Amino acid sequence: MANSVSRLTALYGGTFDPIHYGHLKPVEALAKQVALQQVTIMPNNVPPHRPQPLANSQQRKAMVELAIAGKPLFRLDDRELQRETPSYTVETLEQLRVEIGAKQPLAFIVGQDSLLNLQRWHRWETLLTLCHLLVCQRPGYALSMDTPEEQQWLDKHQTTSVDELHSLPAGRIYLAPTPLYDISATAIRQRLEQHLACDDLLPPAVAEFIRQHQLYC
Ligand code: ATP
């Protein structure tokens, strides 16, 4: 890396309904691999391409706060929760670009499932003009794209160079060899509905919040 203190800004979007170890642990490993100083978790409000979350915005925000308490790697940005309109990642990234300028390296973190689905995102072609994509592995999802065109797009942008992530403002896709966690918020919600334990799947403070607020049951 050119600078010992990187300016690479990393965002991590999602519904976090609820936040779990499958969100946190791969990203902690990713942060070590690519020398991220900080990861900004940005829960979204009305995710356009999926069913509505069961926990409300304030509850999802509170669970993220509990999950990252005492973990300086993470911070929370609740700007998407403040909006009533759909959270389109591309629009949030455009807003951030205005704030940080055109030259600062910016990355958006996704799991492998999101990469495979990316070409269905609103204005997906614009995403790589605004940020890099840092992709965490996720069990059960193919490592190659669905179509030859999508694979060509991935091959064109993929890099294994951590230096590039820190020196270029946007445009690269980094497939990180992160550890696999077979955890999803859907499975956690289903387990909670059936009154099954989830203690290994999410931080204790989040589990306690869910119990106190009788979420997902
Ligand atoms: P749901 O089951 O409700 O769809 P989820 O567990 O997939 O939720 P999201 O909040 O939708 O969680 O995901 C936010 C981001 O975290 C996405 O980019 C997703 O790919 C990633 N992610 C979620 N779980 C994992 C996991 N177990 N391993 C790697 N990445 C994950």
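Refer to the structure presented above.
Values in this document were obtained by computation on a predicted structure and should not be read as measured data. (Residues numbered from 1 in each chain as written. Predicted model: local features only at pLDDT ≥ 70, side-chain atom pairs only at ≥ 80, totals over all residues. Heavy atoms only, no water.)

A.B. asks: I keep staring at the packing of helix 2 (residues 57-68) against helix 10 (residues 204-212) and nothing clicks. Help me out?
C.D. replies: The angle between the axes and the distance between the axes are what describe a pair of packed helices. Contact geometry for helix 2 and helix 10: axes closest at 8 Å, N-to-C directions at 150°. By the angle class used here, helix 2 and helix 10 are roughly antiparallel. Relative to helix 10, the crossing made by helix 2 is right-handed. Contact residues: helix 2 offers Q59, A62, M63, L66 and A67, while helix 10 offers A205, V206, F209 and I210. Tallied by class, residues from the contact of helix 2 with helix 10 come to 8 nonpolar, 1 polar and no charged. (Axes fitted to C-alpha atoms, helices over the stretch in contact; angles between N-to-C directions. Helix = DSSP H or I, 4+ residues; strand = E, 2+ residues; numbered from the N terminus. Parallel < 35°, antiparallel > 145°, perpendicular 65-115°, else oblique. Left-handed = near helix turned anticlockwise from the far one by under 90°. Contact = heavy atoms within 4.5 Å. Nonpolar A, V, L, I, M, F, W, Y, C, P; charged D, E, K, R; others polar.)

A.B. asks: Please explain helix 4 (residues 89-100) as it appears in this structure.
C.D. replies: Every α-helical turn comprises 3.6 residues, leaving residues that sit three or four positions apart pointing alike. With 12 residues, helix 4 extends 16 Å from end C-alpha to end C-alpha; this agrees with the ideal 16 Å at 1.5 Å per step. Lining the buried residues of helix 4 we find strand 1 (9-14), strand 2 (39-43), helix 3 (79-82), strand 4 (106-111) and helix 6 (124-130). Positive phi shows up at G101, right after helix 4, with a value of about 90°. (Expected span 1.5 Å × (residues − 1).)

A.B. asks: Looking at this structure, how should I read helix 2?
C.D. replies: Taking 1.5 Å of rise per residue, the 12 residues of helix 2 would be expected to cover 16 Å, and the 17 Å separating its terminal C-alpha atoms lies within 8% of that figure. The element helix 2 is largely enclosed, with a buried count of 9 among its 12 residues. Among the residues of helix 2, those classed as buried are S57, Q59, R60, K61, A62, M63, V64, A67 and I68. On the buried face of helix 2, the contacting elements are helix 1 (21-34), strand 2, strand 3 (74-76), helix 3 and helix 10. The opening residue of helix 2, the one whose side-chain oxygen lies 3.0 Å from the backbone nitrogen of Q58, is N56. One or two positions beyond helix 2, positive phi appears at G70, with a value near 80°. (Buried < 20%, exposed > 50% of the residue type's maximum accessible area, 1.4 Å probe, protein only. Polar contact = N/O pair within 3.5 Å; in protein donor to acceptor, adjacent residues only side chain to side chain.)

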